[in-house]
Amino acid sequence: MTSIGLQHYLLLAAALFCLGILTMTLKRNAIGILIGVELILNAANLNLVAFTRYRTGAIDGQIVAVFIILLAAAEAAIAIAIFMNFYNSLATIDVDRADQLQG
Amino acid sequence: MLLAIANSFWMPDLDAVVAIGPLWGLAGTIVAIVLAALVLGRSAAVSSVITIIGATLTAWICFTHAPRVAQSAWAGLAPAGGSPMLLVDNFAILFILLICLFLACVTGLWMIGASTNARESAAHLRNGPEFFVLLVGSAFGMALMVSTTNLLMIILAIEMASLPSYAIVGFQKRNRIAAEASLKYVLFGAVTSALMAYGISLLYGFYGTLDVNEIGRLVSTELAATDTPAAAKALISVALFGLMAGIGFKISAVPFHFWCPDVFEGASIEVTTWLSVASKAAGLGLLLRIIAAVLQPLAETFDNPLSTTVAMFAAVTCTVGNLAAFPQTSVKRLLAYSSIAHAGYMLMAGAIIWQAKPGSDVANPAFAALIVYIIVYLFMNLGAFGCTALVYWATGSEKIEAFRGLGRRSPLIAAAMTVCLFSLVGLPPFGGFIAKFYLLMALFKSNLVWLVAVALLNSIFSLYFYSRIAYAMYFADDGKPAFSVPAFGRALVIAAAIVILLTGIPIAGGLIGRANQFASHLYPIAARTTFAEPQAAAAKDPIPLAARSAP
Amino acid sequence: MPSQTYAIWILLAPLLAAVLIGAVGLRGLRDKSHWLAIGGVAAALVLALMLFGQIRAVPEEARADIFTRSHKIYEWFRPGFGGLASLKWFDFEFRIDPLTGVMLVTVLSVSLMVVIYSSGYMRDHHGHPERGYERFFAFLALFIFSMCLLVLAGNFVLLYVGWELVGLCSYLLIGFYYPKPSAAAAAKKAFIVTRIGDFGFAMGIFLIFWRCGDVSFAYVFSQAGLAKLVGWETPVALLLFCGAVGKSAQLPLHTWLPDAMEGPSPVSALIHAATMVTAGVYMVARCGAIFTESPTAMATVASVGAITAFFAATIAITQFDMKRALAYSTISQLGYMFLGLGVHAADAAVFHLFTHAFFKSLLFLAAGSVMHAMGGCIDIRRFGGLAKGMKVTAFVFWVGGLALAGFPFLSGFWSKDEILHAALGVSLPLAIVGYVTALLTAFYTFRLIFIAFHGPLKLPQGVEHAHESVPAMTIPMLLLSIGAAGAGYIGLQHGGKLNELLRTVLVGRLEEHAPGMAHVMSPEAAMAMSGVLSAIGILSAWYIYRRKPMIAMAAAFAMRGPYELIKNKYYIDELYDAVIVRPLHDLGKFCYGFDRYFINALLWIITAIPRAAGFMLRSLQQGAIQGYAMGMVIGLLVIVVAVLSAT
């Protein structure tokens, strides 16, 4: 049995990243896509925290992680406001319906 | 106790506060708009005037700031002994100056739009303060983008620039098209920023630092130390491309360009104008910084596949932009594709800079060409979008058909539009030609002949669709009545056209010469990192900007 | 104020006037447009006079240094790139010396008179402005700016820019009445014919740049610059002279100038008599350092000048169109100037340029005044005896005519005499041609005067009476007539202050270059001879056209062949038409067909590819975000794979 090390965290983060990519490419619901984005952001956070713990020892990675959590919140806030606006005019947040602009 | 803690992180001495002066200018503008809305009531006119004053004031601060930077050889804000979080050097000042100038122009355009009767929504006017807070907020984010080399600040700056942009794209709340555009924009932006965050987390892990210059220094030593260089290189590339996704989104490089035409078409025209230039200029500024700091040393260890990749990137972006513009019927959308194509041209300069050694005969002209390109591009797009806006407000349509007979219906607007269009193609004697000429010369010098060929071929393609508008204006008159446009609007587009003409021949040499001098000082400025060595840096880079601009 | 500041404002004043009139003329100013132009030009004239005062005040010992200096305003552009850093910047630079000063004062003082005159001329008899009134003044101010740029230019490239700008303004103003086919054709002809000369001029500049690596006057005319041109002086000088031949309407490129009279009379006076056409003379004088190094070039300049002077004078005798006759006279006088340049008397040539500007513009303005009174008719067979109704016009025409004829003690006398005297010292045949031309000049000038202004009153159909023009026209003419009469006294022979000053910068006084050659005639004798010849010319014109009008007809009948030849301008236009224009036209037709049916088809096929690609790419942009995300991910994968496989 090996102990849990940096590699495990990185692999978990990579898995989260791939799941996030898949979610955002396959989901048709706008909020689903946003959740995919959150997954990727959390993968990044996981990376940062793990690197700080196992490699650098400095605090700045964790600071970045905190900021990214903050950014995710801000992004979600504005994204959901825009989804609401979209919903107001189309009564749906299915992104496939956003096809007026094309070509 | 508290003070000691604060001091250990940050030294709030006056020098450091003054050092980031231009950023204070923009931040102060936001505060002023909010305060004015609270005190004087919610008036769009007041907000717009404050925005213009704030932008002008910030530009003035930039001018006064530049000599000070050169004197103290330092401009920034950093934790004690650490690497800088904010770096307002001459490079940043140039871009902030451009952004402020453009901010004032776009606000002017907005005022013209607000004054024409065609403006449909009174709501738009009613929410003026919010609009300008968001607009200046995105300008502030862009200013941050060009004045940092710290990965955390890069994320924050890009988000600071993006979040208000999402909101102003969808600002016309009852407009279905705008809602769709902002939806696409926000989703795309969120995805690319997530990719970027992931890339940055990897970079941080590999090198244990957030400072881009530090990473640049570590790149070669780390690679030499590792026993699996291929894997390490692959990982670095992936991490870097994650970072590039964020920037690629901002400058709408292929394959991160899909949002661009849709958003540009859906947003109101001032917003489109704003995004088409300012967002791209800021993205390119950031890209240049990263290239100068990291990618350049990286390219040396990589034997150049990265450079080729960027060149391919540029070529594809340029070609896609130009070809997709062919079948467009809406001028706004056509100009959106054109802006993708121009991002491609500008990326080409990135391909050389990436390849060349700092301060070399090749890199400096490439930098200089890029700076000139951005300046000229700013005016070309301002003119082209300004004319489109004037036509839209007068006729209610932004299709090419709306331009029919413009040469008769509004000769001055048509003339200004023609100047802008042919300058966008890159025909002499307009500024666009000079910009493209120096860019292609730089490419040629660095033996990227195939890229020159691609650029030339693309320019020929682009002639076709730009001249479709010119053709409509002068040869396809459908007898619609003449219209008059607001005098201020006419003045704006004519001023843009005059600047393009001036940069074409009369002052082209001076411009490129200044840019060259500027570029030759870019590397030492960008590479300067710690608070501890300003004196040494001053000795290395003794030529202050004030002295440079002396005749 | 440093002299380049003067220069900048001299340029900006008319330019701003032009831009402002262009911007707000149509809507705001309309029939007040001339005020801006007058203001701009007057300001420039005041500045030019102050600048001239500064030039004169330069102490003797500092002149060589200060007058050869270049006044750099800003770096303009640099040929080459990066590695070619050794190449010099082309600066936006000025040359400020007596030659520039004289030219500026000449150009601007005549300009001011012409602009004031135009404010009266460009209106109908009720004082309503003509169509395009503001356009006229915008172009005129633009021309004045261009001409000042031309004479201020401190390097060949800037000179060329000014050179082409004046050409452009000339084109615009000749074609001012563009709905009239003949005006449009004349404008095109002027532009194209001068372009032939300009081609040579450009080649000359390229040659200079190739040999010297710099185009700044300060360098090219210095010892170092001239040393690099050794062995190339003759081709360089001849190519530059090509430009002068085109611009100054010398043989064989003179054909555009008479046609250029389709433009409004003030334009003919300013551009096609006083200023633009003298640009060639100015340029050759400016490049004297190169020309004097090559005897071949000097001989060519002198001979072309002398032949043109004679040849154009003969044509002028036979013309019935008053303005055309004056145009040929201009060609002839320009020929004199080149003769002066060619016989190492550049100062005399510039002096003649200076006096000619006054009396010839005066004559054209007077002709315009006649034309205005005659309802647009300018054919001297259809009117006569106008002196009674138009006293001022007749008076100023007399003054201008006497000056042109070289009548003693008027301006033309002094300057022409000086050229002829210098020619006597170099080549007897050329001098004889010059003297004969002087006789012809007096004759044709007074032929016009006696037919148009004296004898019984005769008016063209539709004109009831000859009335004098408005003060806006007569006052400038009177002012110019003072110049035409007295301008000569500024630069009196040899002792003259103007020539003294000019000689500090103009290379090529005879004494320096041909010290062994003695004068055939003393200055006083030469002066007496010109005076006598001009008197003979005037008297014979009086005799033939006032006393015995039959003589003219009889002579024309007796010498039908030569008369027809000369009257039809030696059939040169027809010759050019047959030899050059028609073949080119046919070639053009062929090329058009080739272009239309072959190239166009080819292009259509080629552009089909990008167009098809465009439609394909367009279909990628489906509008659905999922598709975009997929595209982005695939794109990223492609890039990552490409990088990985490359490393």
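Residues numbered from 1 in each chain as written. Chains lettered and ligands numbered in written order. Predicted model: local features only at pLDDT ≥ 70, side-chain atom pairs only at ≥ 80, totals over all residues.

### Section: the overall build of chain C
At step 1: Helix and strand counts for chain C come out as 28 helices and two strands.
At step 2: Projected onto its principal axes, the C-alpha coordinates of chain C cover approximately 100 × 65 × 50 Å.
At step 3: Here chain C, with 647 residues, has 53% of them falling under the buried criterion.
At step 4: Sequence-distant contacts in chain C: of pairs separated by 6 or more residues, those separated by 24 or more amount to 81%. (Helix = DSSP H or I, 4+ residues; strand = E, 2+ residues; numbered from the N terminus. Buried ≥ 20, exposed ≤ 12 C-beta atoms within 10 Å, placed from the backbone. Contact = placed C-beta atoms within 7 Å.)

### What to know about the overall build of chain A
At step 1: Broken down by element type, chain A carries three helices and zero strands.
At step 2: Helices and strands in chain A line up, N terminus first, as α-α-α.
At step 3: Out of the 103 residues belonging to chain A, those deemed buried represent 44%.
At step 4: At a minimum sequence separation of 6, the contacts of chain A that also span at least 24 residues come to 49%.

### Topic: the interface of chain A and chain C
At step 1: Taken together, the contacts link twelve residues of chain A with ten residues of chain C.
At step 2: Classifying every residue of the side of chain A that touches chain C by side-chain character gives five nonpolar, four polar and three charged. (Nonpolar A, V, L, I, M, F, W, Y, C, P; charged D, E, K, R; others polar.)

### With respect to the interface of chain B and chain A
At step 1: With 34 residues of chain B in contact, the opposing surface of chain A contributes 35 residues.
At step 2: Counting only elements with at least two residues in the side of chain B that touches chain A, the list comes to α8 (151-169), α9 (176-207) and α12 (259-266) of chain B.
At step 3: At 20 residues, the largest contribution of residues to the side of chain B that touches chain A is made by α9 of chain B.
At step 4: Considered class by class, the residues forming the side of chain B that touches chain A number 21 nonpolar, six polar and seven charged.

### A closer look at the domain arrangement of chain C
You'll often see interface size given as the accessible area lost when the parts meet.
At step 1: Each assigned domain of chain C is listed with its residue range as follows: domain 1 (294-567) and domain 2 (572-646).
At step 2: One C-alpha centre belongs to domain 1 of chain C, the other to domain 2 of chain C; they are set 59 Å apart. (Domains from an automatic or database assignment.)

### Focus on the nonpolar core
At step 1: Within the largest apolar cluster, 258 residues are counted, with the highest numbers of intra-cluster contacts made by Ile99, Val372 and Cys420 of chain B.
At step 2: For this core, the element with the most residues is helix α16 (residues 363-395) of chain B, which contributes 25 residues.
At step 3: Excluding its chain neighbours within four sequence positions, the residues that come into contact with cysteine 420 of chain B are Met380, Gly383, Ala384, Cys387, Ala496, Ala497 and Ile500 of chain B.
At step 4: Formed by 215 residues, the second largest nonpolar core is a distinct cluster that contains Ile21, Ala37, Met276 and Ala345 of chain C. (Core = buried A, V, L, I, M, F, W, Y, C linked by C-beta atoms within 7 Å.)

### Concerning the confidence of the model for chain C
All names here are of chain C.
At step 1: When pLDDT is averaged along chain C, the result is 84; 94% of the residues meet or exceed 70.
At step 2: In the model, residues 512-518 has pLDDT below 50 throughout and makes six contacts with residues more than four positions away in sequence or in other chains.
At step 3: Interface predicted TM-score (ipTM) for the complex: 0.95; the corresponding pTM is 0.75. (pLDDT = per-residue confidence, 0-100.)

### Describing the pairing of strand β2 (residues 90-94) of chain C
Residue and element names in this part refer to chain C.
At step 1: Of all five residues in β2, five are buried; the element is thus mostly enclosed.
At step 2: Side chains Phe90, Phe92 and Phe94 project from β2 onto one buried face, and the interleaved Asp91 and Glu93 project onto a second face that is buried too.
At step 3: Of the pairings in the sheet, the one linking strand β1 (residues 71-77) to β2 comprises five bridges and is antiparallel in character. When the sheet's bridge partners are listed, tyrosine 74 is paired in β2 with phenylalanine 92. (Pairing = 2+ DSSP bridges.)

### Some words on the confidence of the model for chain A
At step 1: Scored by pLDDT, chain A has a mean of 87; 97% of the residues are at 70 or more.
At step 2: Averaged pLDDT values over the elements of chain A bottom out at 89 in helix α1 (residues 6-26) of chain A and peak at 91 in helix α3 (residues 60-90) of chain A.

### A word on unusual backbone geometry
At step 1: The omega torsion across proline 428 of chain B and proline 429 of chain B is 5 degrees, close enough to zero to call that bond cis.
At step 2: If you trace the backbone, proline 429 of chain B turns up in the loop between α18 (411-425) and α19 (431-445).
At step 3: Of note, the bond from leucine 251 of chain C into proline 252 of chain C is cis; its omega dihedral lies within 30 degrees of zero at 0 degrees.
At step 4: Of note, proline 252 of chain C is situated in the loop between α10 (233-247) and α11 (256-259).
At step 5: Phi is positive for alanine 249 of chain C, close to 55 degrees, though the residue is something other than glycine.
At step 6: Taking the C-beta count within 10 Å as the criterion, alanine 249 of chain C has 29 such neighbours and is therefore assigned buried.
At step 7: For histidine 344 of chain C, which is not glycine, the phi dihedral falls at a positive 65 degrees.
At step 8: Here histidine 344 of chain C shows up in the loop between α16 (322-342) and α17 (346-373).

### As for the packing of α10 of chain C against helix α13 (residues 279-286) of chain C
All names here are of chain C.
At step 1: Relative orientation of the contacting elements α10 and α13 amounts to 160 degrees, with a least axis distance of 7 Å. The pairing of α10 with α13 is recorded here as roughly antiparallel in orientation. Crossing angle aside, the handedness with which α10 passes α13 is left-handed. Where α10 abuts α13, its residues Leu240, Phe241, Gly243, Ala244, Val245 and Lys247 lie against Ala279, Gly280, Met283 and Val284.
At step 2: A per-class count over the contact of α10 with α13 returns seven nonpolar, two polar and one charged. (Axes fitted to C-alpha atoms, helices over the stretch in contact; angles between N-to-C directions. Parallel < 35°, antiparallel > 145°, perpendicular 65-115°, else oblique. Left-handed = near helix turned anticlockwise from the far one by under 90°.)

### Focus: helix α5 (residues 90-115) of chain B
At step 1: With 26 residues, α5 of chain B extends 37 Å between its outermost C-alpha atoms, agreeing within 8% with the 38 Å of an ideal straight helix rising 1.5 Å per residue.
At step 2: Here α5 of chain B lies mainly inside the structure; 23 of its 26 residues are buried. (Expected span 1.5 Å × (residues − 1).)

### Topic: the environment of phenylalanine 221 of chain C
All names here are of chain C.
At step 1: Assignment of secondary structure puts phenylalanine 221 in the loop between α8 (217-220) and α9 (223-228).
At step 2: Along the chain, phenylalanine 221 and alanine 302 lie 81 residues apart, while their C-alpha atoms are 22 Å from each other.
At step 3: With residues near it in sequence (within four places) discarded, phenylalanine 221 still touches Leu226 and Ala289.

### A short note on the environment of methionine 276 of chain C
At step 1: Take methionine 276 of chain C: it is sitting in the loop between α12 (265-274) and α13.
At step 2: C-alpha of methionine 276 of chain C to C-alpha of histidine 125 of chain C: the two residues are 151 residues apart in sequence and 30 Å apart in space.

### As for the packing of helix α18 (residues 391-405) of chain C against helix α21 (residues 471-486) of chain C
All names here are of chain C.
At step 1: Look at α18 against α21: their axes get within 9 Å of each other, and the N-to-C directions meet at 25 degrees. As judged from the angle between their axes, α18 and α21 are roughly parallel. In this structure, α18 meets α21 at a crossing whose hand is left-handed. Residue-level contacts link Val392, Val396, Val399, Gly400 and Ala403 of α18 to Thr474, Met477, Leu478, Ser481, Ala484 and Ala485 of α21.
At step 2: Residue classes in the contact of α18 with α21 are distributed as eight nonpolar, three polar and no charged.

### Observations regarding helix α20 (residues 428-453) of chain C
Residue and element names in this part refer to chain C.
At step 1: The first and last C-alpha atoms of α20 sit 37 Å apart over 26 residues, in line with the 38 Å expected at 1.5 Å per residue.
At step 2: Taking burial as the measure, the 26 residues of α20 include 21 buried ones, the bulk of the element.
At step 3: Glycine 455 lies just past α20 and shows a positive phi near 85 degrees.

### Topic: the environment of leucine 240 of chain C
At step 1: Mapping leucine 240 of chain C onto the fold places it in helix α10.
At step 2: Linking leucine 240 of chain C and isoleucine 451 of chain C, residues 211 residues apart in sequence, is a C-alpha distance of 41 Å.

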